[in-house]
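# Structural description and commentary
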Amino acid sequence: MKKWLLFFLTGWFAPMTYAQTTLLDNFFNQLETFEANFEQIVKQDNVVVQQSSGTVALKKPTKFYWDYQQPEVMQLVSNGVDFYHYDVALAQVTVRPVDEVAANALSTLLSGEKSVDALFDTQAIGRPAMQSRFADFRGNADVYFLLIPKETDEAALTQSEVIIGLSAENTLNYFYAKDDFGENTFYFSQIKQNQLTNDSLFDFVAPDGVDVFGQ
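Below is a short write-up of the structure. (Residues numbered from 1 in each chain as written. Predicted model: local features only at pLDDT ≥ 70, side-chain atom pairs only at ≥ 80, totals over all residues. Heavy atoms only, no water.)

### Some points on the pattern of salt bridges
Evaluated as defined, the whole model comprises six salt bridges. Close ionic contact of Arg133 with Glu161 constitutes a salt bridge, the shortest N to O distance being 2.1 Å. In this pair, Arg133 sits in helix α5 (residues 127-133) while Glu161 sits in strand β10 (residues 161-166), placing the two residues 28 residues apart along the sequence. (Salt bridge = Lys/Arg side-chain N within 4 Å of Asp/Glu carboxyl O. Helix = DSSP H or I, 4+ residues; strand = E, 2+ residues; numbered from the N terminus.)

If you want it as structure tokens, here you go:
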């Protein structure tokens, strides 16, 4: 598999073949859990407005744990039903139904309810195209896919485009999403797929003395 993945490094844009679409579908179908360190870069009007880092754990279909350590400490947690936003500095937790925050590309793809082909028009992208488009690009994935949401009610996505970077070992190394508010780029490292070590991460319990709103 590594040989054909490396083939894309010499290209710019390439039409997706059936086998390539199947590879992307299979990746999300087979991905049950994901753990990694992350670096997040947020841009608005092509200007970096925030850089963050921390750790993340995901579990299908809608459980997640984003533990932000820099520049501010906070946690975004879902147990599959409720979403918790814990702001450590303010000592407060906001609770909402997870359905209200799950209308994004990554959550939709992880749910497995629809295939990639059903939700997106997709192209393979070579590293030269990524470097040409993003002046600060430093991704180390072996192949990149550009996903444009199709205009269907089923997609219900807030993003206008998504880019996914996979390694030759079929790990998720890079994730980019653009919407009306700006651009979000995630670089993942120390990746573990389908080997979740601590399922209790998704069972959020507010610490003593913390105000809880919305519950």
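Resuming the write-up.
### Things to note about the packing of aromatic side chains
Per the stated rule, a full pass over the model turns up 15 aromatic pairs. Relative to Phe188, the ring of Phe34 has its centre 5.2 Å away and its plane inclined at 80°; by these criteria the two rings are edge-to-face. Residue Phe34 is located in strand β2 (residues 33-44), and its partner Phe188 is located in strand β12 (residues 182-193); the two are separated by 154 residues in the primary sequence. Among the residues examined, Phe34 registers a relative accessible area of 1% and is labelled buried. (Phe/Tyr/Trp six-rings, centres within 6.5 Å; stacked < 30°, edge-to-face > 60°. Buried < 20%, exposed > 50% of the residue type's maximum accessible area, 1.4 Å probe, protein only.)

### Examining empty space enclosed by the protein
Tallied over the full model, the rule gives two cavities of 30 Å³ or more. Around the largest cavity, the lining residues are Ile41, Lys43, Phe134, Asp136, Phe137, Tyr174, Tyr176, Glu183, Thr185 and Tyr187. Contributing elements (two or more residues each) for the lining of the largest cavity: β2, β11 (172-179) and β12. (1 Å grid on protein atoms, 1.4 Å probe; cavity = no way out; pocket = protein on both sides within 12 Å on 5 of 7 lines; lining within 4 Å. Points joined across faces, edges and corners; volume = space filled by probe spheres on them.)

### Quick look at the pairing of β10
For β10, the buried fraction is high: six of the six residues fall into the buried class. Going residue by residue along β10, you find Glu161, Ile163 and Gly165 tucked away on one face and Val162, Ile164 and Leu166 tucked away on the opposite face as well. Here strand β9 (residues 143-149) pairs with β10 via five bridges, running antiparallel. Across the sheet, the residue bridging to Leu147 is Val162, located in β10. The sheet contact formed by β10 and β11 spans six bridges and is antiparallel. Its bridge partner being in β11, Leu166 is matched across the sheet by Leu172. Hairpin geometry of β10 and β11 is characterised by an intervening segment of five residues between the two adjacent antiparallel strands and by a positive phi of about 70° at Asn170. (Pairing = 2+ DSSP bridges.)

### Quick notes on the side chain of Lys43
Relative to the elements of secondary structure, Lys43 occurs in strand β2. Here the side chain of Lys43 touches Asp136 through a polar contact of 3.1 Å, side chain to side chain. (Polar contact = N/O pair within 3.5 Å; in protein donor to acceptor, adjacent residues only side chain to side chain.)

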